[in-house]
Amino acid sequence: MMRAPLSLAVSAIALALAACSGAAPQTGNEAAADNAAAGEVPTTNASADATGPDGRKYLSQPLTTEIFTADPSAHVWGDGKLYVYGSHDIDGPAKEDDLGSHFEMRDYRVLSMDEPGGKTIVHPVALDVKDVPWASQQMWAPDAAFKNGTYYLYFPAKDKEGAFRIGVATSKSPVGPFKANPQPIKGSFSMDPTLFSDAGGESYLIFGGIWGGQLQRNVGGKYDPNGSKTDLEKPNEPALTPKIAKMNGDLTEFAEAPRDVVILDEAGKPLLGGDTQRRFFEGSWLHKYNGKYYLSYSTGDTHNIVYATSDNVYGPYTYRGVVLKPVNGWTSHHSIVEWKGKWWLFYHDVQLSGDTRLRNVKMTELKYNPDGSIQTIDPFVK
Ligand code: FUB
């Protein structure tokens, strides 16, 4: 995935600031590498006055500047605190490409907060790729669940053949350390897993992504390493969809074969592969509001977070609109959670680094209209 022009603007500002201070200018990657060694993230852009592309101010500020964080899955468990299970971005040698090779994450760190706007605690390593017997690299966007005294971490990683699979790890603590099961979920493929538990106690894993997420390389029921690099390459046919599967009672295996989550347009027709402003790309999230199921996801190369609704958890879902306009950075990934009487959107951008591979997690309030539609959020202040 190529770096968005937006991030170049922030990099340019960072270089200009360095030049003014007399310091040798650094690229985002060099600065991040230095700071990673020091255990810190560059904080040049960590202020309410920081500006993004076109000099616009950011709507909200990073939750932490201690490490780079992305792909936030936010949850409130029994203790009333807010926990964020996300990616821990690191700098690495891989060049940016359309398969996301530059996202080289190797472990997970959990964030927690007592109050909205309160201090964010960055907890120690919760799971490291070296402790996952089947995984080789790229610990991408995770999610978590809680049932019967056990916390579950769902995570994608590439296996030794380079195919994304989805693993489960468990812990008695919400912040880990988690112990991974020796094998990935049987029949799992692709990435960006999220676990949705319904009011009746059934839980479902929703997952998938195109391009680097490999959905298009799994259409034959088996991973094809030589398959398309992007999607089905059929713009006039129904787009690839997220997948959903009910989980077994102890939340560790699929209880059924994954099904397609079909997303329809206003005329009741499946969204087409060429409808890049609305079709599913990656990062799905399911939540319920006033009895309806809301499926939200990233449109990837058009950089929006959008949503669709249904009366049935399996769908079909009908497209409703945009939740979050494009952020600074190529990827956009989110979650939606109710906490202390308000609804919150968790998302990420590249405010701190200006580099699409080194992201930072943020939160902002999300509001519904009386008809249940979501008010679109602009990540910049007008
Ligand atoms: O963080 C790596 C990948 O980038 C995630 O899995 C996607 O959702 C995108 O945010």
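One can find the structure itself at the top, above this paragraph.
A few points on the structure.

### A look at the layout of surface pockets
Then comes step 1: Put simply, the largest pocket is a space of about 440 Å³.
Then comes step 2: Every residue lining the largest pocket is counted, 23 residues in all, and those nearest its centre are His75, Leu195, Phe196, Ser197 and Leu286.
Then comes step 3: Sorting the residues of the lining of the largest pocket by element identifies strand 1 (68-76), strand 6 (143-147), strand 10 (194-197), strand 15 (282-289) and strand 19 (334-339) as the ones contributing at least two each.
Then comes step 4: Broken down by class, the residue content of the lining of the largest pocket amounts to 15 nonpolar, four polar and four charged.

### A closer look at the pattern of salt bridges
Then comes step 1: Applying the stated criterion across every chain, the model contains 21 salt bridges.
Then comes step 2: Residues Arg357 and Glu104 are paired through a salt bridge, measuring 3.8 Å at the closest nitrogen-oxygen approach. Within this pair, whereas Arg357 is found in the loop between strand 20 (342-349) and strand 21 (360-366), its partner Glu104 is found in the loop between strand 2 (82-89) and strand 3 (107-113), the two being separated by 253 residues in sequence.
Then comes step 3: The shortest N-O distance in the salt bridge between Arg165 and Asp159 comes to 3.1 Å.

### Observations concerning the sheet that holds strand 12 (residues 243-246)
Then comes step 1: Strand order in this open sheet of four strands is 10-11-12-13, and the pairing throughout is antiparallel. Both outer strands of the open sheet, strand 10 and strand 13 (259-260), are each paired with one neighbouring strand and no more.
Then comes step 2: Sheet analysis places strand 10 next to strand 11 (residues 203-207), joined by four bridges and oriented antiparallel. Residue pairing in the sheet places Leu195 in a bridge with Leu205 of strand 11.

### Details of the side chain of Thr120
Then comes step 1: Among the secondary structure elements, Thr120 is positioned in strand 4 (residues 120-128).
Then comes step 2: A polar contact of 2.9 Å, which involves the side chain of Thr120, links it to the backbone oxygen of Leu63.
Then comes step 3: Aside from chain neighbours lying at most four places away, what touches Thr120 is Leu63, Thr64, Leu111, Ser112 and Met113.

### Side note on the packing of aromatic side chains
Then comes step 1: With the rule as written, the count across this model stands at 24 aromatic pairs.
Then comes step 2: Between Phe146 and Tyr151 the ring centres are 4.5 Å apart and the planes differ by 40°, which places this aromatic pair in the tilted class.
Then comes step 3: Phe146 gets classed as partly exposed once you look at its relative accessible area, which sits at 38%.
Then comes step 4: With relative accessibility at 12%, the residue Tyr151 sits in the buried group.
Then comes step 5: A centroid spacing of 5.6 Å and a plane angle of 65° characterise the contact between Phe280 and Tyr297, whose relative ring orientation is edge-to-face.

### Focus on the site of the ligand
Then comes step 1: Around the ligand sit 13 residues in total, of which Asp71, Met105, Asp192, His333 and Arg359 are the nearest.
Then comes step 2: Take Asp192: an N or O atom from its side chain is 2.5 Å from an oxygen atom of the ligand.
Then comes step 3: Protein contacts shield 100% of the accessible area of the ligand, which totals 270 Å² for the unbound molecule.
Then comes step 4: Spatially, the ligand is embedded in the largest cavity.
Then comes step 5: A per-class count over the shell around the ligand returns five nonpolar, four polar and four charged.

### Considering the sheet that holds strand 2
Then comes step 1: Pairing is antiparallel in the open sheet, where four strands are placed in the order 1-2-3-4. Each having just a single partner strand, strand 1 and strand 4 make up the two edges of the open sheet. Taken over all neighbouring pairs, the strand axes of this sheet differ in orientation by 25° on average, direction set aside.
Then comes step 2: Alignment of strand 2 against strand 3, held across four bridges, turns out to be antiparallel. Its bridge partner being in strand 3, Tyr83 is matched across the sheet by Ser112.

### Focus on the nonpolar core
Then comes step 1: Counting residues in each nonpolar core, the largest one holds 38 residues, and the members touching the most others are Tyr154, Leu205 and Val313.
Then comes step 2: Going through the elements one at a time, strand 7 (150-159), strand 8 (164-171), strand 10, strand 11, strand 12, strand 16 (292-298), strand 17 (305-310) and strand 18 (317-324) are the ones with two or more residues in this core.
Then comes step 3: With 21 residues, the next largest nonpolar core counts Tyr85, Tyr108, Ala126 and Phe155 among its residues.

### Observations concerning the pairing of strand 7
Then comes step 1: Counting buried positions along strand 7 yields 10 of 10 residues, so the element is predominantly enclosed.
Then comes step 2: In the sheet, strand 5 (residues 135-137) pairs with strand 7 via two bridges, with the strands oriented antiparallel. When the bridges of strand 7 are listed, Gln137 appears paired with Lys158.
Then comes step 3: The pairing of strand 6 with strand 7 spans five bridges and is antiparallel. When the sheet's bridge partners are listed, Ala144 is paired in strand 7 with Leu153.
Then comes step 4: Where strand 6 folds back on strand 7, the antiparallel hairpin that results is connected by two residues, among which Asn148 adopts a positive phi of roughly 50°.
Then comes step 5: Hairpin connection between strand 7 and strand 8: a loop of four residues separates the two successive antiparallel strands, and Gly162 in this loop has a positive phi of roughly 90°.

About the thresholds
Residues numbered from 1 in each chain as written. Predicted model: local features only at pLDDT ≥ 70, side-chain atom pairs only at ≥ 80, totals over all residues. Heavy atoms only, no water. 1 Å grid on protein atoms, 1.4 Å probe; cavity = no way out; pocket = protein on both sides within 12 Å on 5 of 7 lines; lining within 4 Å. Points joined across faces, edges and corners; volume = space filled by probe spheres on them. Helix = DSSP H or I, 4+ residues; strand = E, 2+ residues; numbered from the N terminus. Nonpolar A, V, L, I, M, F, W, Y, C, P; charged D, E, K, R; others polar. Salt bridge = Lys/Arg side-chain N within 4 Å of Asp/Glu carboxyl O. Pairing = 2+ DSSP bridges. Polar contact = N/O pair within 3.5 Å; in protein donor to acceptor, adjacent residues only side chain to side chain. Contact = heavy atoms within 4.5 Å. Phe/Tyr/Trp six-rings, centres within 6.5 Å; stacked < 30°, edge-to-face > 60°. Buried < 20%, exposed > 50% of the residue type's maximum accessible area, 1.4 Å probe, protein only. Near = heavy atom within 4 Å. Areas by Shrake-Rupley, 256 points an atom, 1.4 Å probe, with all protein chains shown as cover. Sits in = over half its atoms within 2 Å of the grid points. Axes fitted to C-alpha atoms, helices over the stretch in contact; angles between N-to-C directions. Core = buried A, V, L, I, M, F, W, Y, C linked by side-chain atoms within 4.5 Å.

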